[in-house]
Every structure is written in structure tokens, then in C-alpha cells.
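So the chains spell out like this:
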Amino acid sequence: MRYFTLILLLCVSAFSVAAEPASSGEDQLASLLFNDQTNPRIGAEKPKLVIVSFTDYNCPYCKQFDPMLEKIVHDNPQVQLIVKLLPFKGESSMASAQVALTAWRQAPDKFWALHQRLMSKKGYHDAASIAAAQEKTGTSDIKPDDKSRDSVQMNLILSQVLGVQGTPATIIGDQMVAGAIPYNDLEALVKEQLAKANAQ
């Protein structure tokens, strides 16, 4: 845990001086965490606080926690949310992640509707449920491609480097939250990290 905290602090420090070119492993890790445009993001364009959410469309706890994160972003205009999809729960996790990431690249205006539809399904996805989500969100013409598979693989590598062992896993400032926590606890942590960021 101490080693992870050190890595995370280095990443956050590198992010806060992002104007400087990446020159070290920590800078490259921070860039993958915060600047990879193949991963969906919502919220502030120039955030004071970035939340990185490692999540899976087949994870029941992610399905509960994801709407809380979106509400946090909606209620806090200084916050940005980055979604890192991790296919930890089988082939349909990979399939749904690839469809979503392709939608983000090809039709970003339709991504969040698809994301919310995929998150709202109870239980595991299959080909039929993924197709139904696409049909409901006008993304049926979007087919997964190699770029999206590469993005998912990079998220998997990044999760291994950071020691993420399950979803949801959420980076909020210099803290890693493992699992889903109550909304009041999430809000308090975000306020604490925002205050820290604004004091710098």
C-alpha cells in the first residue's frame, strides 16, 4: 500500500506540472492515467481534481457506483471524470468495453447514453444485451475495432502497475478507493481533495 501511494503521489505531481514534457516513468504513467484521449471523460475541461474510475460493465458494484461518480461531476464543476474500462469479468466484459470505447472515438456525443445503458443492465451482458443497448442509443452501426482492443489492453496493463485487483477502483486525488463506498463518503473525499488542490 505504501508503494502504491508513492506511485500515485508521483503521478499526481506529474499531472500538476503537465506543461513539462514527459521524461520519466512516473511522467509516462501519469500521462496514461490522465491524458489518454481514447478513454472517455466528462466534466471540467481544465479540472482542479481528476477522478479516474476503473470499471466493468459486468460488475454489480460498478453499476451502483458509476451513477454516484457522474453525480459528483455534475455537482462539482471543477472535477473531471475519466473512465478506464477493465474487462475483469469474462468475454462479454471485453466485448462491451470495446463497443463503448469505439463509440467514444467515433460518436462521442452518443457515448454516455450507451455507457449508462450498459451500466444499467442487471447481471452479465451477452451479445444480445450489448446489441440492444446499441440499438436503444443509436450506435448499432458502431463495430469494435483493434484500436479499442488496444485501449482496453493498455487499461489492463495500467491496472496491474497500480495494483488494481478488482472493480470499481477509483483514484481521487492522491487516494485510491477500492470498491464502492456510500455517496456521503465519496462526496466528503472529493471535497477534501478539491480543498487540497485549491490550496496549492
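Here, the structure is the one placed above.
This one's a predicted model, so the numbers in the text were calculated from it and none came from an experiment. (Residues numbered from 1 in each chain as written. Predicted model: local features only at pLDDT ≥ 70, side-chain atom pairs only at ≥ 80, totals over all residues. Heavy atoms only, no water.)

Participant: Lay out helix H3 (residues 60–75) with the relevant residues and their values.
Facilitator: Its 16 residues give H3 an end-to-end C-alpha distance of 24 Å, which sits within 8% of 22 Å, the value for a rise of 1.5 Å per residue. Where H3 is concerned, the buried positions are Cys62, Lys63, Phe65, Asp66, Leu69, Glu70, Ile72 and Val73. Of the surrounding secondary structure, the elements contacted by the buried residues of H3 are strand S1 (41–43), strand S2 (49–55), strand S3 (79–85), helix H5 (108–120), strand S4 (169–172) and helix H8 (183–199). (Helix = DSSP H or I, 4+ residues; strand = E, 2+ residues; numbered from the N terminus. Expected span 1.5 Å × (residues − 1). Buried < 20%, exposed > 50% of the residue type's maximum accessible area, 1.4 Å probe, protein only. Contact = heavy atoms within 4.5 Å.)

Participant: A description of H5 should follow, citing residues and the corresponding values.
Facilitator: Here H5 is 13 residues long and its end C-alpha atoms lie 19 Å apart, about the 18 Å a rise of 1.5 Å per residue gives. Buried within H5 we find Phe111, Trp112, Leu114, His115, Leu118 and Met119. Lining the buried residues of H5 we find S1, S2, H3, S3, helix H4 (91–106) and helix H6 (127–136).

Participant: Requested: an account of the nonpolar core, with residues and values cited.
Facilitator: One finds Leu33, Ile51, Phe54, Leu162, Ile172, Leu186 and Val190 to be the most contacted residues of the largest nonpolar core, which totals 53 residues. Of all the elements, H4 adds the most residues to this core, at seven residues. Contact partners of Ile172, with chain neighbours within four places excluded, come to Leu49, Val50, Ile51, Val177, Leu186, Leu189, Val190 and Gln193. (Core = buried A, V, L, I, M, F, W, Y, C linked by side-chain atoms within 4.5 Å.)

Participant: Could you give me a rundown of the sheet that holds S4, with the residues and numbers involved?
Facilitator: With mixed pairing, the five strands of this open sheet are ordered in space as S1-S3-S2-S4-S5. Single-partner strands in this sheet number two, and they are S1 and strand S5 (175–178). Strand-to-strand twist of the sheet, defined as the mean angle between neighbouring strand axes without regard to direction, takes the value 20 degrees. (Pairing = 2+ DSSP bridges. Axes fitted to C-alpha atoms, helices over the stretch in contact; angles between N-to-C directions.)

Participant: Would you mind going over a nonpolar patch on the surface in detail, with residue names and values included?
Facilitator: Taken together, the side chains of Leu32, Met154, Ile157 and Val161 define a hydrophobic patch exposed on the protein surface, amounting to about 300 Å² of accessible area. The leading source of residues in the nonpolar patch is helix H7 (residues 146–162), at three residues. Looking at Leu32, the relative accessible area reads 31%, which means it is partly exposed. (Patch = residues over 30% accessible without salt bridge, like charges linked within 9 Å, V, L, I, M, F, W, Y side chains within 5 Å. Areas by Shrake-Rupley, 256 points an atom, 1.4 Å probe, with all protein chains shown as cover. Salt bridge = Lys/Arg side-chain N within 4 Å of Asp/Glu carboxyl O.)

Participant: Hey, could you go over the packing of H4 against H5 for me, with residue numbers and the actual values?
Facilitator: Remark: H4 packs on H5, axes separated minimally by 6 Å, with the N-to-C direction vectors making an angle of 155 degrees. As judged from the angle between their axes, H4 and H5 are roughly antiparallel. Crossing of H4 against H5: the hand is left-handed. Contact residues: H4 offers Ser96, Val99, Ala100, Ala103, Trp104, Arg105 and Gln106, while H5 offers Pro108, Phe111, Trp112, Leu114 and Leu118. Of the residues contributing to the contact of H4 with H5, the split by class is nine nonpolar, two polar and one charged. (Parallel < 35°, antiparallel > 145°, perpendicular 65-115°, else oblique. Left-handed = near helix turned anticlockwise from the far one by under 90°. Nonpolar A, V, L, I, M, F, W, Y, C, P; charged D, E, K, R; others polar.)

Participant: Report on the side chain of Ser96, specifying residues and quantitative values.
Facilitator: Topologically, Ser96 is positioned in helix H4. By relative accessible area, which is 0% here, Ser96 ends up buried. Here the side chain of Ser96 touches Ser93 through a polar contact of 3.2 Å, landing on its backbone oxygen. Leave out the neighbours within four places in its chain, and Ser96 touches Tyr57, Leu118 and Ile130. (Polar contact = N/O pair within 3.5 Å; in protein donor to acceptor, adjacent residues only side chain to side chain.)

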